[in-house]
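Next come the chains, spelled out residue by residue.
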Amino acid sequence: MADGGHYYNEHDDRTAPFRNSKGRGHKGRSYDKSRRGRQRGNHTGRFGGPGPRSRLLDDTDGDVTMSDSSQDSGSLNRFNPYGRPSRKGDKQQGEGGGGRGVPGGGSSSIFRRDRGLRKSSGWYKVTIPHGRKYEKKWLITALQNICSVQYTPIQYHVDHQRAHFYLDDSAAANALRRCSHKITDSDGYKVEVHVNPSYPPSFLQSDLKPEQLEHLKQCMAGRFNGSQQALDLSNIRTDEDLVSKNIEVILNRKTNMEAVIKIIEENIPELACLNLSNNRIHKLDDLTDAVTKVPNLKALDLSQNELKTDRELDKIKGLKLVELWLSKNPLCVHFKDHAAYISAVRQRFPRLLKLDGHDLPPPIGFDVETPTAIPPCKGSCFGSDEIKALILRFLQQYYSIYDSGDRQPLLDAYHDGASLSITTPYTSQNPSRSSLGEYYKDSRNLKRIKDSTMRFRLLKHTRLNVVAFLNELPKTQHDIASFTVDVNTYTNTLLSFTVSGIFKEVVVDGKSRESTMAFSRVFITVPAGNSGLCIVNDQLFIRMATTEEIRRAFVAPAPTPSSSPVPTLTAPQQEMLTAFSLKSGMNLEWSQKCLQDNEWDFNRAAQIFTQLKAEGKIPDVAFIK
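Residues numbered from 1 in each chain as written. Predicted model: local features only at pLDDT ≥ 70, side-chain atom pairs only at ≥ 80, totals over all residues. Heavy atoms only, no water.

## Regarding the overall build of the protein
Per the secondary structure count, the protein includes 18 helices and 19 strands. Accessible surface for the protein amounts to roughly 33,100 Å². Of this, 51% is attributable to carbon and sulfur atoms. (Helix = DSSP H or I, 4+ residues; strand = E, 2+ residues; numbered from the N terminus. Areas by Shrake-Rupley, 256 points an atom, 1.4 Å probe, with all protein chains shown as cover.)

Okay, here's the thing in structure tokens:
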């Protein structure tokens, strides 16, 4: 099947590849006998500079050389169990139809070749592509309801988008395979079920015994090159010394990889080069600990393994690698060209200088070794005091009406042919569960909306439709003190500016909801009257506020709209208000608010004003007279 541009066949998730009977014995230990006599010598691997190179590392495919008299010269190429599934009309691999079974093909293809494995393990791995989106209880119950054989799923887990579990019953495995495409989910899609022969789950695989660990430690010591701080563990499972002692080290087993990492951590933590090539490694979960336990690692060889996707590299991207080998892994064929391959790898390892033995262009590095603080925001940018006064007056009038509960008077602010659009962040989650649900249904996010007709319909045209739409939006209270204004363009006939800030929704009884939101709004305006602005285009973006934005929001008191900016005051209060306005530079409305909040104590009000102004917490609108 195809998933995100990648092809997966029915054997994608098995623990180790399965050959046909002509290739390998039932336990998978068959290998070229000539390797037993091979001298390891100095295991410098590909990481070395001067000095002799190891024949093990120079061996292009030491794990798969087959000596079968029935094979001709054309069969010496490696059998790749993870190649693309054969298409209709393609010739099957091997004389006996040893190619992979394709979902939807003959019912016996997948189980015909697992007879040999059943003698050694009898385990099967069940894979449900896209199983992450299903609840475990629903999925297991649905499968058990239609399966003709009762079974117990073992070690249910999710990996990327797929769900997996194990079975130790061949009858149940056969029955489950026939359940594929028999269940329909809530979205109307058929649920696929893939069943593959498998080794036992990792938790059932026994740890290495203490005496075996000691032999492994000695083996690793013999493979270590101290002058280059390089450790060669290529094809470790066929090591002559380990095999002679009947010790099998399989690095795609969690316990074995953990043992290797622990030995490195305790004995050679300064290791710089590690060769893990030709070990049938198909996942890098168990190598994650190397990020912290082998911090000096600079070169890593993972070539000739069975890594199927570059997403595996995310698990070790904390390594500061400068050299990496990935050649002869199935993931290498999934890129459209070599440049895409390099780009994908460098996204995980930006310092990489060499890939698969080839030099790369020097990286463009933006990372810095020492922590750097981002300079604080400088606030609004208006361009001139005249433009500043014009915009602040416009915003004060606009949002006093917008937050008043009746937005109909905003008709005067829009041009007859005005248009408005609203956008929310793209999300794959259910938007109705978010506080942005009220806005999401009208969101014109071009990543979400692909249909050109729908894109046009989501635009609100003419001022009547614009204001009618604004009236339908939830009632709000904006924190004017949080506003930041940036002028984009201004000429004699046009003024474009962006205003960003914080607001919260208000229900009918005046109580505010817990959710605080942030907005960014682009107004494109033209002159109106003698000193006014008229909106011709309005683009509104709404998102949830960050924790820091919520903490700083609504600190300064919001002005209360009133028909008269100065209510009736006593003569001493009127005199104090006038003096405070002159001294602070604020208008009468904000001066009165400051005095009232400080119980008409002139000196205390002046002290608080000076402090808030120094901290930048007094909005520009407070100084518009």
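## Describing the confidence of the model for the protein
Averaged over every residue, the pLDDT of the protein is 76; the share at 70 or more is 73%. Counting interchain partners and residues more than four positions distant, the pLDDT-below-50 stretch residues 1-120 has 223 contacts. Low pLDDT, under 50, characterises residues 558-567; the stretch is placed with twelve contacts to residues that sit more than four places away or in other chains. (pLDDT = per-residue confidence, 0-100. Contact = heavy atoms within 4.5 Å.)

## A word on the environment of Ser170
Within the element layout of this structure, Ser170 appears in helix α5 (residues 170-177). The class for Ser170 is partly exposed, based on a relative accessible area of 25%. (Buried < 20%, exposed > 50% of the residue type's maximum accessible area, 1.4 Å probe, protein only.)

## Here we look at the sheet that holds strand β6 (residues 194-198)
Ordered in space as β4-β5-β3-β6, the four strands form an open sheet in which the pairing is antiparallel. Looking at which strands have only one partner, the edges of the open sheet turn out to be β4 (154-159) and β6. Taken over all neighbouring pairs, the strand axes of this sheet differ in orientation by 25 degrees on average, direction set aside. Pairing of β4 with strand β5 (residues 162-167) involves four bridges; the strand directions are antiparallel. Paired with His157 across the bridge in β5 is His164. (Pairing = 2+ DSSP bridges. Axes fitted to C-alpha atoms, helices over the stretch in contact; angles between N-to-C directions.)

## Structural notes on the nonpolar core
Of all hydrophobic cores here, the largest spans 54 residues; its most connected members are Leu395, Tyr398, Tyr414, Leu470 and Phe497. Residues contacting Tyr398, with those up to four places away along its chain left out, are Leu410, Ala413, Tyr414, Leu470, Arg521, Phe523, Ile535 and Asp538. Formed by 46 residues, the second largest nonpolar core is a distinct cluster that contains Leu231, Ile236, Phe335 and Ile342. (Core = buried A, V, L, I, M, F, W, Y, C linked by side-chain atoms within 4.5 Å.)

## Topic: the pattern of salt bridges
One pass over the structure, following the stated rule, counts 17 salt bridges. For Asp159, the salt bridge goes to Lys283, with nearest N and O atoms at 2.5 Å. Here Asp159 is found in strand β4, whereas its partner Lys283 is found in the loop between β9 (273-275) and α9 (290-293), with 124 residues between them in sequence. Residue classification places Asp159 among the buried residues on the basis of a relative accessible area of 11%. For Arg223, the salt bridge identified is with Asp239, shortest N-O distance 3.0 Å. Of the two residues, Arg223 sits in the loop between α6 (210-222) and β7 (224-225) while Asp239 sits in the loop between β8 (230-232) and α7 (240-244), which places them 16 residues apart along the sequence. Here Arg223 and Asp239 have matching classes, each one buried. (Salt bridge = Lys/Arg side-chain N within 4 Å of Asp/Glu carboxyl O.)

## Quick look at the sheet that holds β9
Taken in spatial order, the seven strands line up as β7-β8-β9-β10-β11-β12-β13 in an open sheet, and their pairing is mixed. A strand with exactly one partner marks an edge of an open sheet, and here the two such strands are β7 and β13 (358-359). Examined bridge by bridge, strand β11 (residues 323-325) and strand β12 (residues 354-355) share two bridges and lie parallel to one another. Paired with Glu323 across the two strands is Lys354, which belongs to β12.

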